[in-house]
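Listed below, chain by chain, are the residues.
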Amino acid sequence: MTGPGPLCAAAGPGDRPRPAPSRGTTMRIHGIDHVEYYVGDIARSAASLCDAFGFRVHGIRGGPDGDPAAERSLLLRQGQIQILLTSGQSTGPAADYVRRHGDGIAVIAFATDDLQATFDEIVAAGGPAIAAPEFAAADGCRVGTAVVSGFGDVVHKLVERSGPADEFAPGRIKMTAAPPDDGLVTVIDHVAACLPAGELDATVSFYHSVFGLDQIYDERIEIGGQAMLSKVVQDHSGTVTFTLIEPDLSRERGQIDEFLAAHGGAGVQHLALRTSDIAGAIRTMSGRGVEFLTAPPDYFASLQRRLGSLAIPVARLQELNILADRDRWGQMFQIFSRSTHERRTFFIELIERQGALTFGSRNIKALYEALEEQRAAESQLT
């Protein structure tokens, strides 16, 4: 499982060049192998991701004839993206997580070509170990895993795979035949997480010293009377990217504060999925019932004057509410789904990169303005 490729060879004011990697861990981690999404209703979650977003079920653990208290899992795939849905009826990690936080991304797994060495290096750098390396094999495929702590209640699984067989977790997930996916999305571009105020710098430092991720972006975002701080960390090859956000408590309470209260602490706010045709993906997903956030009213008025000629005409961008930006490498286009989470604490972003490597700062502000409009509209209904 490979990652999305380099995203931000440089970022931030003046497109400063990123520093050289300071540790060897980044050379052993080579992308996000999968994410595990703990859910209360696995059938409903799978139906949403498959019917609307184009994923397919490739593996199963547990079933209606098994222990009703045992965890169940479904492995969903599309392109190089792997999402493991897991639910627990009464006990276990998934059930406990959902009780505390609601449905959410609880495991972000990193691919590695040397599990033991990577695990040892992370632990030696101060990463708390949860589960030591262990291996399982089936049909010529050998898979090793270990688990270490991340931020909040999110943990990181380290995964080493070898052999030609298309196994995900031998002895745990039974692989099934699946029809071709829709090809709407291809890889995980980045993961965005909300952190309690005062934890941003410590979390950036943790990912740098333990996992070798460097800070490549730093921005303060102001929306009305509220403000938030955002920093992006990324491995040297650009295959693992986290956008980390904390609220500014010196300003009005806002949407990040509400996420933290509803989620019960730090957590993943959204997954950004890469697409090669954002307009086509939006039309397909919208036809299947996905609702997307609308851009601020004046966003498109100055878009062409600000960015010049774009690969997608401004009229189409406005029609589909697609945000656009450019850097010295190319153009990028983004849109964000409206959250259907019962706590409004998770949504999906679609992003198309036509050469662009960085994050559009104006788009980040536009996203949170759209989220603020959604928050204000929903508050009027309650």
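Every value quoted in this text rests on a predicted model; they were computed, and no experiment measured them. (Residues numbered from 1 in each chain as written. Predicted model: local features only at pLDDT ≥ 70, side-chain atom pairs only at ≥ 80, totals over all residues. Heavy atoms only, no water.)

## Overview of the pattern of salt bridges
Where charged atoms from two side chains of opposite charge come close, those side chains can pair. The tally for this structure, following the rule as stated, stands at 17 salt bridges. Of the charged contacts, one joins Arg220 and Glu222 as a salt bridge, the two residues approaching to 3.0 Å between their closest N and O atoms. Its salt-bridge partner being Glu291, residue Arg338 comes within 3.5 Å of it at the nearest N-O pair. Of this pair, Arg338 sits in the loop between strand S18 (330-336) and strand S19 (347-354) while Glu291 sits in the loop between helix H7 (278-287) and helix H8 (303-307); the two residues are 47 residues apart in sequence, bridging distant segments of the chain. A single salt-bridge network, built from bridges that share partners, covers Arg220, Glu222, Asp248 and Arg251. (Salt bridge = Lys/Arg side-chain N within 4 Å of Asp/Glu carboxyl O. Helix = DSSP H or I, 4+ residues; strand = E, 2+ residues; numbered from the N terminus.)

## Quick word on the sheet that holds strand S13 (residues 214-223)
Read from one edge to the other, the open sheet built from eight strands follows the order S13-S14-S15-S12-S16-S19-S18-S17, with strand pairing classed as mixed. Looking at which strands have only one partner, the edges of the open sheet turn out to be S13 and strand S17 (323-327). Strand-to-strand twist across the sheet, computed as the mean angle between neighbouring axes with direction ignored, equals 20°. Bridge analysis of strand S16 (residues 267-274) against S19 gives five bridges, and the strand direction is parallel. What sits directly across from Leu273, in S19, is Leu350. Across the sheet, H7 lies against S18 and S19, angled at about 150° from S19, the strand it touches most. (Pairing = 2+ DSSP bridges. Axes fitted to C-alpha atoms, helices over the stretch in contact; angles between N-to-C directions. Contact = heavy atoms within 4.5 Å.)

## What to know about the environment of Arg283
In this structure, Arg283 sits in helix H7. According to the relative accessible area criterion, Arg283 is partly exposed, its value standing at 43%. A C-alpha to C-alpha distance of 8.1 Å links Arg283 and Leu320, two positions 37 residues apart in sequence. If near-sequence neighbours (up to four positions away) are discounted, Arg283 is found in contact with Arg316, Glu319 and Leu320. (Buried < 20%, exposed > 50% of the residue type's maximum accessible area, 1.4 Å probe, protein only.)

## Points about H7
Within H7 the residues assigned to the buried category are Ile278, Ala279, Ala281, Ile282 and Met285. Taken down its axis, H7 places every buried residue within 160° of arc, on the same side. Looking one or two places after H7, you find Gly289, whose phi comes out positive at around 105°. (Arc of directions from axis to C-beta.)

## Quick word on the sheet that holds strand S9 (residues 141-149)
Sheet strands pair by backbone hydrogen bonding; their relative direction is either parallel or antiparallel. Reading across the sheet, the nine strands line up as S8-S9-S10-S7-S3-S6-S5-S4-S11 and stay open at both edges, with mixed pairing between neighbours. Bordering the open sheet on either side are strand S8 (129-138) and strand S11 (174-175), each of which pairs with just one other strand. Looking at chain direction, strand S4 (residues 56-61) and S11 are connected through two bridges and run antiparallel. By the bridge assignment for S11, Gly59 is matched with Met175. Running at roughly 5° to strand S5 (residues 71-78), helix H2 (residues 42-52) makes contact with S4, S5 and strand S6 (81-88) of the sheet.

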